[in-house]
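Below, each chain spelled out in residue letters.
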Amino acid sequence: MKSDNTLISVVIPTRNRANLLERAIRSVLNQTCQNFEIIVVNDCSTDDTEEIINKFKDRRIRYIRHDRNKGRAASRNAGIRHARGAYITFLDDDDEMLPLKLERQLQKFKECSEKVGLVYCGYADVYGDKIVRTTLPRIKGYVYDSVLLAGPFAIHAPLIRKECLDKSGDFDLTFSTCEDWDLWIRMSRCYEFDFIPEVLALYNMHGDQTITCVRKMISGREMILKKHLRELERRKKILSWHLRRLGSLYCFDGEYVKGRKYLLKSMRVHPMNIGSYFHMLLSFISKRLHKKLIEKYGLTRIEDLNLFF
């Protein structure tokens, strides 16, 4: 790539994953676009994280350590506050960027409208040494309704204009999960999104993640529903879908009373949401069949992992 003086800040929050962190950092150092800084935020790790960071003799790596565990949202926010770049991207300590990611995204920003605040890319889900699924971008432009319906990409997929974060705000600390989805919703109110139709990042799966836990998915979706309820109430179909999804997840988790309450709300909000009626009916007729239906359409199995969406 030709020399470019546009600095990119790569924020890597980490906690007790020294065995994975080195790989994540090296994936940034191997970028074809080399004008970046790496901000590693150590969220009070008790392993040898600091020793791993000290192995790298690169002045572009900056290090922040929390004296107590504050959580990933607070760690990302710390990185944002210390970022010097005109653009910011996030990389979890267990994931990787492919070498062309920053170059491709920075070039897209130079080609697109100033209304675009975020350029994202495709990514591959990797389990062990095997690619089990790829996710390619689908939506661009003013995508608020689409993002309100569902989280469109993983945390490490986008490159973001720093001014976009300044206007939209940073990660909401009241979220224990789905905090990235909440941020994309807020960004999409103010800015257009664009994408690179290529897989440029890897999402390494190992079981210790939000999408493998139905309870965490329920909690995150309830927070999204609560925070954005006013906007959702203006979009009955989207609100009904959220309620139906929460209902089905509660039923899958064995909490049928709560699940049916959400399904009933979904039907009342948008009576033409036929799926809510099917879920409600099956929850009474056959819990076993209902669970199989949810597994088929709302859960992906990858060997011994269950992924909830």
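Residues numbered from 1 in each chain as written. Predicted model: local features only at pLDDT ≥ 70, side-chain atom pairs only at ≥ 80, totals over all residues. Heavy atoms only, no water.

A.B. asks: Explain the overall build of the protein chain to me, and be specific about the residues and the numbers.
C.D. replies: Across its full length, the protein chain holds 13 helices and 11 strands. Computed over its C-alpha atoms, the radius of gyration of the protein chain comes to 20 Å, within 12% of the 19 Å expected for a compact globule of 309 residues. Here the protein chain holds 309 residues, and 57% of them are scored as buried. A sequence separation of at least 24 residues applies to 73% of the contacts in the protein chain between residues at least 6 apart. Within the structure as shown, the protein chain displays about 14,700 Å² of accessible surface, and the carbon and sulfur contribution to it stands at 50%. Computing the positive centroid from 54 side-chain charges and the negative centroid from 40, the protein chain places the two 7 Å apart. (Helix = DSSP H or I, 4+ residues; strand = E, 2+ residues; numbered from the N terminus. Rg over C-alpha atoms; globule rule 2.2 N^0.38 Å. Buried < 20%, exposed > 50% of the residue type's maximum accessible area, 1.4 Å probe, protein only. Contact = heavy atoms within 4.5 Å. Areas by Shrake-Rupley, 256 points an atom, 1.4 Å probe, with all protein chains shown as cover. Lys, Arg positive; Asp, Glu negative; His and termini not counted. Charge placed at Lys NZ, Arg CZ, Asp CG, Glu CD.)

A.B. asks: Kindly report on helix α10 (residues 236–252), identifying the contributing residues and their values.
C.D. replies: An ideal rise of 1.5 Å per residue puts 24 Å on 17 residues; α10 measures up with 24 Å between its terminal C-alpha atoms. Of the residues one or two after α10, G254 is the one with positive phi, at around 90°. (Expected span 1.5 Å × (residues − 1).)

A.B. asks: Help me get a handle on the pairing of strand β3 (residues 61–65), residues and values and all.
C.D. replies: Of the strand pairs in this sheet, strand β2 (residues 36–42) and β3 are connected by 5 bridges, and their pairing is parallel. Following the sheet pairing, I39 is matched in β3 by R62. (Pairing = 2+ DSSP bridges.)

A.B. asks: Explain the pairing of β2 residue by residue, including any values.
C.D. replies: Most of β2 is tucked away: 7 of the 7 residues are buried. Judged by which residues are buried, β2 turns out to be covered on both faces: F36, I38, V40 and N42 on one side and E37, I39 and V41 on the other are all buried. Two strands pair when backbone bridges link them, and strand β1 (residues 8–14) and β2 are joined in this way by 7 bridges, in the parallel orientation. Each residue of the ladder has a partner; that of P13, found in β2, is V41. Taken together, β1, helix α1 (residues 18–29) and β2 constitute a β-α-β crossover, and its handedness is right-handed. Taken together, β2, helix α2 (residues 49–54) and β3 form a β-α-β motif whose crossover is right-handed. (Right-handed = clockwise from strand over helix to strand, strands pointing away.)

A.B. asks: I'd like a description of the pattern of salt bridges, backed by residues and values.
C.D. replies: Following the criterion strictly, the structure yields 22 salt bridges and no others. With a shortest N-O distance of 2.9 Å, R186 and D182 are connected by a salt bridge. In this pair, R186 and D182 are both assigned in helix α7 (residues 179–190), 4 residues apart and thus about one turn of the helix distant. Each member of the pair, R186 as well as D182, is classed as buried. A salt bridge links R215 to E255; the nearest nitrogen and oxygen atoms lie 2.5 Å apart. Separated by 40 residues along the polypeptide, R215 in helix α8 (residues 214–227) and E255 in the loop between α10 and α11 (256–269) bring together distant segments of the chain. (Salt bridge = Lys/Arg side-chain N within 4 Å of Asp/Glu carboxyl O.)

A.B. asks: Hey, could you go over the packing of aromatic side chains for me, with residue numbers and the actual values?
C.D. replies: How two aromatic rings sit relative to each other is given by the distance of their centres and the angle of their planes. As enumerated under the stated definition, the model contains 8 aromatic pairs in all. With centroids separated by 6.1 Å and ring planes inclined at 45°, the aromatic side chains of F153 and F193 adopt a geometry described as tilted. With F153 in the loop between α5 (144–149) and β8 (159–161) and F193 in strand β9 (residues 192–205), this pair connects stretches of sequence that are 40 residues apart. As far as the burial class goes, F153 and F193 line up, both buried. Connected via pairs of aromatic rings, a cluster forms that spans Y120, F153, W184, F193 and F195. Here the basic side chain of R260 rests over the ring of F284, its NZ or CZ set 4.0 Å away from the ring centre. The ring centre of Y256 lies 4.5 Å from the NZ or CZ of K287, which sits over that ring. (Phe/Tyr/Trp six-rings, centres within 6.5 Å; stacked < 30°, edge-to-face > 60°. Lys NZ or Arg CZ within 6 Å of the ring centre and 35° of its normal.)

A.B. asks: Any details on α8? Residues and values, ideally.
C.D. replies: In this model α8 runs 20 Å from its N-terminal to its C-terminal C-alpha over 14 residues, within 8% of the 20 Å that 1.5 Å per residue would give. Every buried residue of α8 is accounted for by V214, M217, I218, G220, R221, I224 and L225.

Note that every value here comes from positions in space, so none of it alone points to a role or purpose.
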